[in-house]
Every structure is written in C-alpha cells, then in structure tokens.
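Structural overview
The lines below spell out each chain.
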Amino acid sequence: MINSIALSLLSLSPSASSNGLLSAHFDNVLGTSLDLKIIANSEVSACLAEAKVLAEINRLNEILSAHGSSEFSNWLSTRGESVEISSELREVLQHFDEWNAKTDGALNAASEHISQLWRSEVPSVEARANAVAEVNQPHWSVDESGATRLTDTELKLHSFTKSYVMEKVASEAMKEEGVAGVVLNIGGDFVVKGDWTEKIGVSNPRNSGENAEPLAYLQVNNKAVATSGDYRRGTEIDGVSYSHIMDPRTAEPASEVISATVAHEDAVTAGALATAFNVLGVAASIDLAAQYPEASYLIVDKEGAEYRSENWPATSTEKSAISLVNVKEKTWTAGQSLDIKFELARFEGRARRPFVAVWIEDEKHKPVRRIAVWYNKPRWLPDLRSWFAAKREAEFDVASVTGATRPSGEYTLVWDGKNDAGEYVPLGKYTVFIEAAREHGTYQLIKQEMKFDGKSKNQVLPGGEEMTAASLSYKAK
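Conventions we followed
- Residues numbered from 1 in each chain as written.
- Predicted model: local features only at pLDDT ≥ 70, side-chain atom pairs only at ≥ 80, totals over all residues.
- Heavy atoms only, no water.
- UniProt positions renumbered as here; feature names shortened; annotations may be inferred.
- Helix = DSSP H or I, 4+ residues; strand = E, 2+ residues; numbered from the N terminus.
- Contact = heavy atoms within 4.5 Å.
- Areas by Shrake-Rupley, 256 points an atom, 1.4 Å probe, with all protein chains shown as cover.
- Salt bridge = Lys/Arg side-chain N within 4 Å of Asp/Glu carboxyl O.
- Buried < 20%, exposed > 50% of the residue type's maximum accessible area, 1.4 Å probe, protein only.
- Phe/Tyr/Trp six-rings, centres within 6.5 Å; stacked < 30°, edge-to-face > 60°.
- Lys NZ or Arg CZ within 6 Å of the ring centre and 35° of its normal.
- Core = buried A, V, L, I, M, F, W, Y, C linked by side-chain atoms within 4.5 Å.
- Arc of directions from axis to C-beta.
- pLDDT = per-residue confidence, 0-100.
- Pairing = 2+ DSSP bridges.

- An unreviewed UniProt entry lists the chain under the name FAD:protein FMN transferase, with Aquirufa novilacunae given as the organism.
- Recorded under Cofactor (unreviewed entry), the UniProt text for the chain is reproduced unchanged: "Mg(2+)".
- On record in UniProt, under Catalytic activity (unreviewed entry), the comment for the chain is "L-threonyl-[protein] + FAD = FMN-L-threonyl-[protein] + AMP + H(+)".

**Considering the overall build of the chain**
- A tally of helices and strands in the chain yields 9 helices and 27 strands.
- Relative to all contacts within the chain whose residues are 6 or more apart in sequence, the contacts with residues 24 or more apart total 65%.
- Total accessible area computed for the chain in this model is approximately 21,500 Å², and 48% of it derives from carbon and sulfur atoms.

**So, the pattern of salt bridges**
- Counted by the stated rule, this structure contains 18 salt bridges.
- Residues R79 and D152 are paired through a salt bridge, measuring 2.2 Å at the closest nitrogen-oxygen approach. Placement of R79 in the loop between α2 (71-76) and β3 (82-83) and of D152 in the loop between β5 (147-149) and α6 (161-174) is noted, with a sequence separation of 73 residues between them.
- Owing to a relative accessible area of 37%, R79 belongs among the partly exposed residues under this scheme.
- If you follow the salt bridges from partner to partner, you end up with E56, R59 and E88 in one network.

**A few points about the environment of A24**
- Along the chain, the position of A24 falls in strand β1 (residues 20-29).
- Note on A24: relative accessible area 0%, which makes it buried.
- Considering only alpha carbons, one finds A24 and I38, 14 residues apart in sequence, at a separation of 8.7 Å.

**Notes on the packing of aromatic side chains**
- By the definition in use, this model includes 18 aromatic pairs.
- Ring centres of F72 and W75 lie 6.1 Å apart, and the angle between their planes is 25 degrees; this geometry places the pair in the stacked category. A residue pair is termed a helical-turn pair when its members lie 3 or 4 positions apart in one helix, as F72 and W75 do in helix α2 at 3 residues. Like F72, the residue W75 is buried in the burial classification.
- An aromatic cluster of at least three residues, connected via ring pairs, comprises F72, W75, F96, W140 and F160.
- The positively charged end of K418 is found above the aromatic ring belonging to Y424, 5.1 Å away from the centroid.

**Some details on the nonpolar core**
- Within the largest apolar cluster, 77 residues are counted, with the highest numbers of intra-cluster contacts made by L34, W75, L184 and F277.
- Top element by residues in this core is helix α7 (residues 267-280). It accounts for 10 residues.
- With residues up to four places along the chain from it excluded, the contact list for F277 reads V257, A260, V262, S285, L288, A289, Y297 and I299.
- Core analysis: the second largest hydrophobic core is formed by 29 residues, V358, I371, M450 and L472 among them.

**Focus on helix α5 (residues 125-135)**
- Along α5, the residues classified as buried are R128, A131 and V135. The buried residues of α5 occupy one face: seen down the axis, they fall within an arc of 60 degrees. Exposed positions of α5 whose direction lies more than 90 degrees from the buried face are V125, E126 and A133.

**Regarding the confidence of the model for the chain**
- Overall, the prediction assigns the chain a mean pLDDT of 85, with 84% of residues at 70 or greater.
- Contacts of residues 1-17 to residues separated by more than four positions or lying in other chains number 43 contacts, the stretch itself having pLDDT below 50.
- In this model, residues 316-328 is a region of pLDDT below 50 whose contacts with residues beyond four sequence positions or in other chains number 12 contacts.

**A short note on the pairing of strand β26 (residues 457-461)**
- Judged from the 5 bridges that link them, β26 and strand β27 (residues 467-476) form a sheet pairing that is antiparallel. In the strand pairing of β27, N458 is matched with S473.
- Between β26 and β27, which pair antiparallel and follow one another directly, the connecting turn spans 5 residues.

This is the structure:
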C-alpha cells in the first residue's frame, strides 16, 4: 500500500512562492530508483499528481518491459505475422529504427545479444563476427495495422526507452490541476517540467560515491538530462574491466568514452544521444551533436579529458586546494578516502526508501562531517534519533545528481577526510554512523570506530532489518 507524503512548505520556488514542494523516493522502479519532486499549490494536488506518476509508470511498464506478461514480451513470442500493437510500443519501435539510422547503427535493440557474449569470457573473433551479423539485420517491420517480428534474436527496449517513459510520466503529472512543476529522476536521468528550475550535478565517472563532488552543474528548466556511462555497471573478465555498453557494429565493449551527459528539450533525444556518444567515441559524437545545436553535452573520455559543447553552462565546481591545518598534526591528504557502502533492504515491488543519515564523529563524540541526509518530510527527521540528537543540518540532496544507472538499493558514499568546514582533519580514530528509519516502519543504527593512520584497511559491518549489508574501505595512496 502506498502512503501519501505530506507537502513540505520549506522548499519553495522563487517564482511561485505560494507553491510547496512534495518530495518522494522509491526503490525498484524500472529496475532502479525514483526520486520525485512535485511543485503544487496544495498537498491534495501534489498527492494526486504523485499517484498519476506511479500509475503511468505501471501502465507503460506493462507495455514496454521485456519481462513478464507485458505487451512487448507477448509480441516477442510471435513470428512472421503482423500483430496489432499499442501506439506507445509503435512509437518506441519507430524511435529505434530512426536512431539506428541516425547513429549509423550505434543504437540497436538487439545489442543485448552481444552483452550475453561478454558475461564471463572474451568471445572469439568468430563469435563476434557472427554476433555482428545476427544483430545487424531487420528484427521487425512496422505497418499501418501493427508490427511483425522477423527474427529470433533477443531484443530489449533499452537506452532511451526510459527517457520516453519519463517524458510521458512527467507530462501526465503536469495535467493535474494545481501542479506548477515536476522533477523526475529515474536512475540518474532527469525530466524537469513547469515553473521550476532544478540544479543538477553531473556525477564524476571516476568516483561512484553518491556524494562525490560533481564534475559540473546545470540549471535545468523544461528540459531533460540523460547520462550514460560504464562506471557503475562494468564487467570484469580475467581481471580486466569492460564497459557494459556494447557497440553493435563490432560486438566490442565501448572503450573510448566513459561518460556522456546530454541536456535537451526532448527526453528521447537526450537519452539517445547520451547512449550513442558512449558507443561512437568523441570525434563521431561531436559530429553527430552538430546536427542538434540545441543540445548541450559533457563527454568524458577514458583518460579523463572533458569535451563540452559551446552552449554548456560555464559553471565550475573547482575549490581551493589550500586548507589551514595544524602543521604539528598528521592530517588526511588528498590521496586518502573512505568508501562507506551499504545496501538497503529490498522488498517485492515498489518500496519507499527509508530516511538515511550518515555522518562522522571524532573521539570526543563531536560530529565533524555530515556525509548525507536523505529525507522527504522535515517533521519526521526526529525519527533519525542519533543524527537528530547531534543537531545536524539537512542540506545534501542526492536526488539532484545525474549519473549512470545503478542497482536499486545499493549505495556508496565517500568521506574525503574533511570536516564540514572543508578542512582536512587529523589522522586518528573516528566513528562512522549509518542510520536508517522507515516511515511507519523499522529503525536501524550502525556505528563503527575505525583508526585512520595512513594504512589502507577494510571493515565489514553487521547487517540488519533496514540495512542488510554494510562495509568501510579506507584507501591510503
């Protein structure tokens, strides 16, 4: 059962001061997470719009999913005959045909066939050649009455299909009377509509931490932002890491680009370009982008070089590398970091994410660094009992960072050894706190002391009802 979320009047749009902001978080939505913001003039309107969002996601998933008894799955079981299909499935199939042509074959609904070859071993030259031939043939034909399945090749409506769903869902929410704006974030891709500007950070492909400093920021209004990359879902074979993004033209993993972020008024265009850029490489991507001058992009190659479109916002996240410290004390350095990993409990179907707080305290039990606070109702923050007792401020918003899709329920946060003032702290003993409280549900607190002395170490933490697994990994270069 889905419980409504109270409207928070603490976050207001400057251009719509009478509107409040509803914030909701779900796991297990389209295989990843959903962060939702609805700007409305009443709690009733916001909750009705939220219900429309969830209902539309369910409806489209029943059409486009490759699993279960969806319309697409049922159509996959047919061969050689025209079958009547919905307008939504028709649109997505036609989008694949169009983008396959626009990208010279870089986007292909049959590329999952190639992914299967790279699950556990590097395929032979012959296997790759056979896969290229298998994948690069017509797999369907669309006519006025329906669509005909032409091959037995495995098909999956990946890449920009999520963007297509998001565009439909956000538009449906905006139809609700009293709703002024909607921000939809599914697995790191965004659609922002209405009277609202969302500040979105572009995640660093070389740092998978949820709270890692973004590469750049975008101020987004009535646009979609899509990010595609291999840095969260790579495949390792014999100690070598390969991208999960495959080039259907060569049956090889993409290798030149590790991340691409695209902003565009049309969500499908943003999603298609972001995925294509990973396959095509830098030079071909820039050539393709020239056909879409209204799109802005940030591409990162395997060497870490960044390529930005001329219309990419001239913002920077650079900070001073100078930190005032007591020279008599040994302190953390830029080469050290602590990865804090935890997995939230998984439930069948869609589930609201619990409130979570992660912070660091010194030996005197004084909080020195707030790592993250995830919540949607300020009035329920006292449920995070230990964190609330420390009187920390809630400012970090993981819902506004775009990055490659990651598995539902698994999170990595990073502590860089700095306090809340941005200064490196002395080496020594500190306690890591991870606290989770589910609305109308259970509570769990994990705390672990660790000595930071410049020597790398790992610590596995006990799981529980809300957090089934957790670990600390201190890296000292």
